[in-house]
Amino acid sequence: MSMEAMAVVGLPLSVVETQLWDITQWPTFLAGLQTATRSSHERYVFTVRQGRKDYDVLVAVRWQARDHRFTWRSLEGPPWDGTLRLAPVNGRRTRVFLQRKAYPRSFFASMAELLGAGVADPGLDLQRLQDRLAVLPAPARPARLRTVDAAERAARTQRIADESGRGGAVTTHGLPKPRVPSDLVVPDPA
């Protein structure tokens, strides 16, 4: 049965993609996947739970850098395939598309699927992925800055000018402030 879902994650594409590179962590968000063990280059053994049984499925996992997409395909037995595709929304958020195709591996699993039990919702998988990524710290320099009103910009500019005045250097040029000769300084009459 093929199912699709989409969600928006509040992190930049590079952060989300970096977190998804570790395939062995996929069981934390993909329903039905108990473990993922690397067997060789782009080959993994997924332990899949259907019904009450666990099945070992040899899977080829590919990462397409140009499309920001992860695809997996079972190499033996009924399909347990899927795609995770990432797309930047703006510089700060990422849209995640999940498509899964999984067929039952036994007669009892097919009967349970026919009755509607045991069908994994990819929307819940993406919710678990969002929860997993929510604990990551926000990037120090997001791609886009938030809008700043004129009063806040003026206050920030004044604060920087005040701080630079005390430090003895002009921040716009990086040069020390010019010294005034002592004979030109007029004493304060107070």
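Placed above this text is the structure.
Note that this is a predicted model, so its numbers are computed, not measured. Numbers given to residues run from 1 along each chain, matching the order in which its sequence is written. In keeping with the predicted nature of the model, local features appear solely for residues at pLDDT of at least 70, side-chain atom pairs appear and are counted solely at 80 or more, and the whole-chain, interface and lining totals rest on all residues. Hydrogens are left out, water is left out, and the side-chain values use all remaining heavy atoms of the structure.

A. Spatial organisation of the pattern of salt bridges. Between Lys or Arg on one side and Asp or Glu on the other, a salt bridge is scored when a side-chain nitrogen of the former is within 4 Å of a carboxyl oxygen of the latter. Going through the model one piece at a time under the given rule, you end up with five salt bridges. A salt bridge links Glu 42 to Arg 62, with the shortest nitrogen-to-oxygen separation between them at 3.2 Å. Taken together, the residues span a long stretch of sequence, with Glu 42 in the loop between β2 (33–40) and β3 (43–50) and Arg 62 in strand β4 (residues 53–64) at a distance of 20 residues. Think of it in three bands: residues with accessible area under 20% of the maximum for their type are buried, residues over 50% are exposed, and the middle band is partly exposed, with areas taken using a 1.4 Å probe on protein chains only. Assessed through its relative accessible area of 24%, Glu 42 is described here as partly exposed. Across the pair Arg 49 and Asp 54 runs a salt bridge whose closest N-O atoms are separated by 3.0 Å. On the basis of relative accessibility, which here comes to 41%, the residue Asp 54 falls in the partly exposed class. Counting from the N terminus, the helices are the DSSP runs of H or I reaching at least four residues and the strands are the DSSP runs of E reaching at least two.

B. Main features of the pairing of β2. Pairing between two strands requires that DSSP report at least two bridges joining them. Two strands pair when backbone bridges link them, and β2 and β3 are joined in this way by six bridges, in the antiparallel orientation. Across the sheet, residue Ser 40 finds its bridge partner in β3, namely Arg 43. Connecting β2 to the antiparallel partner β3 that follows it, the hairpin turn spans two residues, and Glu 42 within it adopts a positive phi of roughly 60°.

C. Helix α1 (residues 13–20), seen in detail. When we look at burial in α1, the residues that qualify are Leu 13, Val 16, Glu 17 and Leu 20. Projection of α1 onto a plane perpendicular to its axis shows the buried side chains occupying an angular sector of 95°, all on one side. Between two residues, a contact is recorded if the distance between any of their heavy atoms is within 4.5 Å. Where the residues of α1 are buried, they touch β1 (2–9), β4, β5 (69–74), β6 (80–88), β7 (94–102) and α3 (122–134). Here, the arc refers to the directions that run from the helix axis to the C-beta atoms.

D. Local environment of unusual backbone geometry. Its identity as a non-glycine residue notwithstanding, Glu 42 has a phi of 60°, on the positive side. For His 68, which is not a glycine, the phi torsion comes out positive at approximately 55°. Relative to the helices and strands, His 68 resides in the loop between β4 and β5. Take His 68: its relative accessible area is 24%, and that puts it in the partly exposed class.

E. The environment of Gly 77, seen in detail. Along the chain, Gly 77 turns up in the loop between β5 and β6. A sequence separation of 20 residues divides Gly 77 from Val 57, and the C-alpha atoms of the two residues are 7.7 Å apart.

F. Layout of the sheet that holds β5. Sheet architecture is open: seven strands sit in the order β1-β7-β6-β5-β4-β3-β2, paired in antiparallel fashion. In the strand order of this sheet, the two ends are held by β1 and β2, each with one partner. Taken pair by pair, the neighbouring strands of this sheet meet at an average axis angle of 20°, ignoring direction. A fitted line through C-alpha atoms serves as each axis, taken over the contacting stretch for helices, and the angle formed by two N-to-C directions is quoted from 0 to 180°. α1 contacts β1, β4, β5, β6 and β7 of the sheet and is inclined by roughly 155° relative to β6. The strands that α3 touches are β1 and β7; relative to β1, the one it contacts most, it runs at about 30°.

Limitation: the analysis is restricted to geometry and does not speak to function.
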